[in-house]
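# Analysis of the macromolecular model
What follows is the residue order along each chain.
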Amino acid sequence: MKNILAILLFTIFFSCTDNSTLEVYDKDQKAAEVNVKGYSKPDVIQMRLNGQPISINGTPSYTEKIETKINFVLDKGETDELAIYNNQTGAQIAKYSINYDNFNDYKNLYFFNLPGIFLKTYAVKPQVNLGKVGFEFIFPNLGEFSGSSLEGVKGVLKRENGVVLAEFDNIGKKDFTTVKIYNYFSATAPVYLELYKPGTTEPYTGSIIIKATLKQDIGANMIVLQEKLENGVLVVKGDIDVADYL
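Every value quoted in this text rests on a predicted model; they were computed, and no experiment measured them.

About the criteria used
Residues numbered from 1 in each chain as written. Predicted model: local features only at pLDDT ≥ 70, side-chain atom pairs only at ≥ 80, totals over all residues. Heavy atoms only, no water. Helix = DSSP H or I, 4+ residues; strand = E, 2+ residues; numbered from the N terminus. Buried < 20%, exposed > 50% of the residue type's maximum accessible area, 1.4 Å probe, protein only. Areas by Shrake-Rupley, 256 points an atom, 1.4 Å probe, with all protein chains shown as cover. 1 Å grid on protein atoms, 1.4 Å probe; cavity = no way out; pocket = protein on both sides within 12 Å on 5 of 7 lines; lining within 4 Å. Points joined across faces, edges and corners; volume = space filled by probe spheres on them. Nonpolar A, V, L, I, M, F, W, Y, C, P; charged D, E, K, R; others polar. Contact = heavy atoms within 4.5 Å. Pairing = 2+ DSSP bridges. Axes fitted to C-alpha atoms, helices over the stretch in contact; angles between N-to-C directions. Salt bridge = Lys/Arg side-chain N within 4 Å of Asp/Glu carboxyl O. Core = buried A, V, L, I, M, F, W, Y, C linked by side-chain atoms within 4.5 Å.

Across its full length, the protein chain holds one helix and 15 strands. When each of the 246 residues of the protein chain is scored for burial, the buried share is 39%. For the protein chain, the accessible area works out to roughly 14100 Å², and carbon and sulfur atoms hold 51% of it.

Next up on the list: the layout of surface pockets. Roughly 290 Å³ of internal volume is contained in the largest pocket. Around the largest pocket sit Tyr96, Asp105, Tyr106, Asn108, Leu109, Tyr110, Lys120, Thr121, Tyr122, Lys174 and Asp175, which together line it. Here the element with the most residues in the lining of the largest pocket is strand S6 (residues 108-114); it accounts for three residues. When the residues that make up the lining of the largest pocket are grouped by side-chain class, the tally is five nonpolar, two polar and four charged.

With that out of the way, let us pick up the side chain of Thr121. Among the secondary structure elements, Thr121 is positioned in the loop between strand S7 (117-119) and strand S8 (132-138). In this structure Thr121 touches Tyr110, Phe111, Phe112, Ile138, Lys174, Asp175 and Phe176, once residues within four positions along its chain are discounted.

Taking strand neighbours across the sheet as the criterion, the four strands line up as S11-S8-S14-S15 in an open arrangement whose pairing is mixed. The outermost strands of the open sheet, each flanked by one partner alone, are strand S11 (180-183) and strand S15 (233-241). Strand-to-strand twist in this sheet, taken as the mean axis angle between neighbours without regard to direction, amounts to 35°. As paired elements, S8 and strand S14 (residues 219-230) share six bridges and run parallel to each other.

Bringing the sheet that holds strand S10 (residues 164-172) into the picture now. In spatial order, the strands read S10-S9-S12-S13; together these four strands make up an open sheet with antiparallel pairing. Only two strands of the sheet have a single neighbouring strand rather than two, namely S10 and strand S13 (210-214). Across the sheet, the mean angle from the axis of one strand to that of its neighbour is 25°, orientation sign disregarded.

A few words on the pattern of salt bridges. Inspection of the entire model under this criterion finds nine salt bridges. Lys65 is paired through a salt bridge with Glu67; the nearest N and O atoms lie 3.7 Å apart. Classification of Lys65 as exposed rests on a relative accessible area of 58%. On the basis of relative accessibility, which here comes to 37%, the residue Glu67 falls in the partly exposed class. Taking the shortest distance from any N to any O, the salt bridge between Lys237 and Glu230 comes out at 3.2 Å. Looking at Lys237, the relative accessible area reads 28%, which means it is partly exposed.

Right, let's talk about the nonpolar core for a bit. In terms of nonpolar packing, the biggest core is built from 22 residues, with Phe135, Phe137, Phe139, Leu157, Leu193, Leu214 and Leu225 touching the most fellow members. Of all elements in the fold, only S8, strand S9 (152-158), S10, strand S12 (191-196), S13 and S14 reach the threshold of two or more residues within this core. When residues of this core are assigned to their parent elements, the largest contribution, four residues, is made by S10. When sequence neighbours within four positions are dropped, the list of residues in contact with Leu193 reads Phe137, Gly155, Val156, Leu157, Phe168, Ile171, Ile210, Lys211, Ala212, Leu214 and Leu225.

As a further point, take the pairing of strand S5 (residues 92-99). Of the pairings in the sheet, the one linking strand S4 (residues 79-86) to S5 comprises seven bridges and is antiparallel in character. The residue of S5 that forms the bridge with Asp80 is Ile98. Counting the residues that bridge the hairpin from S4 to S5 gives five residues, and of these Gly90 lies at a positive phi of roughly 80°.

Structural data, given as structure tokens:
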């Protein structure tokens, strides 16, 4: 009887020990979910989690509108890598390092993959009535060549004669501005976007106002502004229109 009791107590002790170990192990894991909304054109892309291709609707590569949910378990002290690749060339386009502590930062993952540029954002083409022109802006590489520490700039859109068409209080790095709409007036006349420090009439960098020359298409224009150097001189270009791809 004593032997049976001893065995029973021994079994209970180690059962409790195992349960305690499992509890701690569970606390060192978290379930992660990444909601992906992306767009790629013309490139066909592939997403991989820790090197393994992610299938969407039964296919491991995709183009144009891309939407899916990725679920996986994160272990404390380890990092999972979610990466985007060009399916034709195998070149890595973007990489996200997700771990136990930062996974909330990646609950929603947005991107546009277009020729010559990758945007970590998502946008919907705005509705613009017939006979109107609408502009939205984003400035993802603000400060890359100017050295500016600003997170956004003010933009004033003008005709060649100086007439103001629209003002944008804060053109930032991460998201497109709200659309501003005006009456269409010419298929050939360019418009100019002057760039200032937010809330001022001071150039956003240097002493001379920087202007981006833009084409205006009737309907929606979703312009990506980019700092560039031309012959050592800082310029801002607005020749990528996301609306052309949507």
